[in-house]
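# Examining the three-dimensional arrangement
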Amino acid sequence: MLKKTTIDKLPELAAALMEKGTLVAPIKEDAGFNFREITDAKQVDLIFHNTIISPKSAFFPQMEDFVRYQTGKSILEAAPVELNLKPTFLFGVRPCDVKSFQIMDIHFSGTGVVDPYWQKRREATTIFGFAFDMNEAADAAEFYHTLGIGAADPEGSDIFMVRKDDILMLKVITPKGEKLMAGLSFPTDASADEIKYFDDYIAKGHDYKTRYTCVDTEAIAREFESIFDNSDFWTKISDACLSCGVCTFVCPTCYCFDICDETLFSQGTRRRVWDACMFTDFTLEASGHNPRTKVYQRLRQKVCHKYSYHIRKYGVISCVGCGRCTRYCPVNIDIFSIVEEAVKAKWYKRL
Amino acid sequence: MTTNNPYIPMPVAISKVIDEVDTHDIKTFRFTFLNEEDGKNFKYLPGQFAELSIYGKGESPIGIASSPTEPGYVEFTVQRAGTIVPGLVTAALHDMDEGGTIGLRGPLGHSWPIEFLEKKNIVVVGGGFAFTTLRSLINFMLHDDNRSRFGEITVIYGARTPGLLLYKDELAQWEKRDDIKTVITVDKGDDTWMGRQGFVPAVCREVAPSPKNTVAVICGPPIMIKFTLPVFFELGFSKENILTSLEMRMKCGIGKCGRCNVGFKYVCSDGPVFSLAQLEELPRDF
């Protein structure tokens, strides 16, 4: 079922969704676009390439409160923080970012102990995927095509959107999306020409090139395993790295977190917050032992985790080629060129 | 978000505190569950650990020192951390008395592979403070219900000084039994020490357990492990038959927070128990 509406009706669509629950969509801020909860239906703006921070925060917020406690009182008085989630609509997510949710699902809810926060937020949310504009060239940092992700892949979205000039086409992908669409009165049925345009656009997405390098994930995983001990390679790669962690914070598939207690005047909250393997105290043990005191060891952990360990553990690469880490690195470290260098590293001359 | 939320600790009360060593920085805490239901559901095996949780301080992952054959409580032997890194949780716990309440999340991680150990001879090698989950294993194997499931049991346990030996009463009881061979050693004795002196690796060479149908379970400080492993290789033990428990900084304990990641394993949920053969598959990043 393909529906359509016009771009000038976006505020109307936004208002209809806001009536049903919480709408989270990209809005323009000083530094660029970011996903935020919409308070004014006119804020929704689909003229963006991609957001600075990935939309993972919709399911894995930077801070998630677990428990409120009072110091000096019995543990029995501590109160878990209830998650009272309204139906949530995550609007305008690019296909590579939608893919990141599927990768994170494997970790948070698909294997081992289920993370209740991730699962409940996922269940409460309907995803509106949004195809990249293929009339423009891809951003220089992006390489999702290299990882097999199309610029207009609808998989993983509940409703998938393609824009054609002033028309916004919306296709129902899942039963969840269908239920929502049935409750929206104004999108009208698309014409046969529009259905053809939509289908062609999705097919064309697979040929839309980002930076091109042929990637064999299994081979890359092995390559990284074989160069783990090549500290010359890692030292050179991490030469400029500030260990600031921005790559991990903007990343849609980085999931490391800290659990910490914050107390102020005896009132406290235990919460989880994003953490990063780039920080020196990430692996500092109470004994004083720390296996990753050097910058190169931490950058190695980050890169190997994404392109090697994760493949061996979960069978998928922990990267969607969104390019954020490269785009926002203050010293221009380009993660994909590290992958390329690693493939070449066997010929790397020892310094 | 309370039911089945793996991040919310269960309330427990301290029912007993044992000051283990003459430096008074290692104590065994016995906890009883404040909710009876939690106690019933807390089913564990030797080698597993739990997060000790004190609101306002944080959480610490600690190996379970009691054996599941001792119902009604769970024990942890905890060192007060703080010489290099301030240990907020362990310091707060050490300052608590019987009756104090804290939180507990667990049991976490994989146990010593009991089924794999069955019908085999077991050599338990421990050094210093790393003896806690080994004590759990020994008490489990020695229990009347379990003793016949295992072959000969040999324990080689060492500490720097006599005053630093843990579980002294139990060591004395084991020495009296004829179904367990107990070899206790200290690096350096004192005026009252009548027992053996010598480092654990040297004592292992002297005791020379046969590798035949035998599994070695080894826990200790890195330096002890480093010199003990070659002894067991010389004796003919295979890497599959040498087990140890890995340490890594942890937070969640359930394989989600990424902190204890080494190679394609999470030490908390894939370990902490590994065979030497499994460890050799991992990058040297711990």
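Residues numbered from 1 in each chain as written. Chains lettered and ligands numbered in written order. Predicted model: local features only at pLDDT ≥ 70, side-chain atom pairs only at ≥ 80, totals over all residues.

All right, on to the overall build of chain B then. The helix and strand inventory of chain B stands at 9 helices and 15 strands. The globule rule puts the C-alpha radius of gyration for 286 residues at 19 Å, and the 18 Å found for chain B is close to it. Summarising its shape, the C-alpha atoms of chain B cover approximately 55 × 45 × 40 Å along the three principal directions. Counting across all 286 residues of chain B, residues that qualify as buried make up 49%. Partitioning the intrachain contacts of chain B with sequence separation of at least 6 by distance along the chain shows that 68% fall at a separation of at least 24. (Helix = DSSP H or I, 4+ residues; strand = E, 2+ residues; numbered from the N terminus. Rg over C-alpha atoms; globule rule 2.2 N^0.38 Å. Buried ≥ 20, exposed ≤ 12 C-beta atoms within 10 Å, placed from the backbone. Contact = placed C-beta atoms within 7 Å.)

Before going further, it helps to spend a moment on the overall build of chain A. Assigned secondary structure in chain A consists of 11 helices and 12 strands. Since a compact globule built from 351 residues should have a radius of gyration of about 20 Å, the 22 Å found for chain A is in line with a globular shape. The principal-axis extents of the C-alpha atoms in chain A amount to approximately 65 × 60 × 40 Å. Expressed as a percentage of its 351 residues, the buried residues of chain A come to 43%. Residue pairs at least 24 apart in sequence account for 71% of intrachain contacts in chain A once pairs closer than 6 positions are excluded.

Residue and element names in this part refer to chain B. Geometrically, the link from Gly106 to Pro107 is a cis peptide bond, its omega value of -5° lying close to zero. Tracing the chain through its elements places Pro107 in strand 6 (residues 101–108). With an omega of 0°, the peptide bond running from Gly271 to Pro272 counts as cis. Examined against the element boundaries, Pro272 turns out to sit in the loop between helix 8 (267–270) and strand 15 (273–275). Although it is not a glycine, Lys119 adopts a positive phi angle of roughly 65°. Even without glycine at this site, Asn213 takes up a positive phi of about 50°. Tracing the backbone shows Asn213 in the loop between helix 6 (200–207) and strand 11 (214–219). Classification of Asn213 as exposed rests on a count of 11 C-beta atoms within 10 Å.

This part is about the interface of chain B and chain A. The partner chain A presents 41 residues to the 37 residues of chain B that form the contact. The biggest single contributor to the side of chain B that touches chain A is strand 6 of chain B, with 3 residues. Residue composition of the side of chain B that touches chain A, grouped by class: 17 nonpolar, 12 polar and 8 charged. (Nonpolar A, V, L, I, M, F, W, Y, C, P; charged D, E, K, R; others polar.)

As a further point, take the sheet that holds strand 9 (residues 181–186) of chain B. Two strands in a sheet stick together by hydrogen bonds in their backbones, pointing the same way (parallel) or opposite ways (antiparallel). Residue and element names in this part refer to chain B. Pairing is mixed across the open sheet formed by 7 strands, whose spatial order is 10-9-8-7-11-12-15. Every other strand in the sheet has two partners, leaving strand 10 (196–197) and strand 15 as the edge strands with one partner each. In this structure, strand 7 (residues 121–127) lies alongside strand 8 (residues 153–159), joined through 6 bridges in parallel fashion. Considered in strand 8, the bridge of Val125 is made with Ile156. Here helix 4 (residues 132–142) sits on the sheet in contact with strand 7, strand 8, strand 11 and strand 12 (242–245), set at roughly 150° to strand 7. (Pairing = 2+ DSSP bridges. Axes fitted to C-alpha atoms, helices over the stretch in contact; angles between N-to-C directions.)

All names here are of chain A. Tracing the chain through its elements places Gly323 in the loop between helix 9 (295–314) and helix 10 (324–328). Separated by 72 residues in sequence, Gly323 and Cys251 place their C-alpha atoms 8.6 Å apart. Beyond its immediate stretch of four places on either side in the chain, Gly323 contacts Asp139, Ala141, Glu142 and Phe143.

This part takes up the domain arrangement of chain B. All names here are of chain B. Looking at the assigned domains, one finds that chain B contains domain 1 (10–108) and domain 2 (114–245). The C-alpha centroid of domain 2 is placed 24 Å from the C-alpha centroid of domain 1. Each partner contributes to the interface: domain 1 provides 17 residues, whereas domain 2 provides 15 residues. A per-class count over the side of domain 1 that touches domain 2 returns 7 nonpolar, 8 polar and 2 charged. (Domains from an automatic or database assignment.)

Our next topic: the nonpolar core. Ranked by size, the top nonpolar core spans 164 residues in total, and within it Val24, Phe128 and Met161 of chain A together with Ile122, Val124, Ala216 and Val217 of chain B carry the most contacts. Once you skip the residues sitting within four places of it in the chain, Val124 of chain B turns out to touch Leu134, Leu137, Ile138, Val155 and Val217 of chain B. (Core = buried A, V, L, I, M, F, W, Y, C linked by C-beta atoms within 7 Å.)

Before going further, it helps to spend a moment on the sheet that holds strand 5 (residues 74–79) of chain B. All names here are of chain B. In spatial order, the strands read 4-3-6-1-2-5; together these 6 strands make up an open sheet with antiparallel pairing. In the strand order of this sheet, the two ends are held by strand 4 (58–63) and strand 5, each with one partner. Mean inter-strand twist for the sheet, computed between neighbouring axes without regard to direction, equals 40°. For strand 1 (residues 10–19) and strand 6, the ladder comprises 4 bridges, and the chain directions are antiparallel. In the strand pairing of strand 6, Ala13 is matched with Thr101.

To continue, consider the domain arrangement of chain A. Residue and element names in this part refer to chain A. Here chain A is partitioned into domain 1 (2–61 + 83–204) and domain 2 (217–257 + 273–347). In this structure, domain 1 and domain 2 have C-alpha centres spaced 29 Å apart. Taken together, the contact pairs 22 residues of domain 1 with 19 residues of domain 2. Considered class by class, the residues forming the side of domain 1 that touches domain 2 number 12 nonpolar, 5 polar and 5 charged.

All names here are of chain A. One can describe the packing of helix 6 (residues 217–226) onto helix 9 by two numbers: an axis separation of 8 Å at closest approach and a directional angle of 110°. Put simply, helix 6 runs roughly perpendicular to helix 9. The two elements helix 6 and helix 9 cross, and the hand of that crossing is left-handed. Within the contact between the two elements, helix 6 uses Thr217, Glu218, Ile220, Ala221, Phe224 and Glu225 and helix 9 uses Cys304, Tyr307, Ser308, Ile311 and Arg312. Among the residues forming the contact of helix 6 with helix 9, the class breakdown is 6 nonpolar, 2 polar and 3 charged. (Parallel < 35°, antiparallel > 145°, perpendicular 65-115°, else oblique. Left-handed = near helix turned anticlockwise from the far one by under 90°.)

Take helix 11 (residues 335–344) of chain A next. Residues and elements named next belong to chain A. Among the residues of helix 11, those classed as buried are Ile335, Phe336, Ile338, Val339 and Ala342. Taken around the axis of helix 11, the buried residues stretch over an arc of 155°, which confines them to a single face. Along its buried surface, helix 11 packs onto helix 6, helix 7 (231–237), helix 9 and helix 10. (Arc of directions from axis to C-beta.)

Residues and elements named next belong to chain A. Chain-level pLDDT for chain A is 92 on average; 97% of the residues reach the 70-or-more range. Taken element by element, chain A is modelled with least confidence in helix 11, mean pLDDT 83, and with most confidence in strand 7 (residues 125–130), mean pLDDT 98. Counted against residues more than four places away or in other chains, residues 347–351, with its pLDDT under 50, gives 4 contacts. (pLDDT = per-residue confidence, 0-100.)

Residues and elements named next belong to chain B. Direction of pairing for strand 1 relative to strand 2 (residues 26–33): antiparallel, over a ladder of 7 bridges. Of the residues in strand 2, the one forming a bridge with Ile14 is Phe31. Between the antiparallel neighbours strand 1 and strand 2 lie 6 residues, among them His24 with a positive phi of about 60°.

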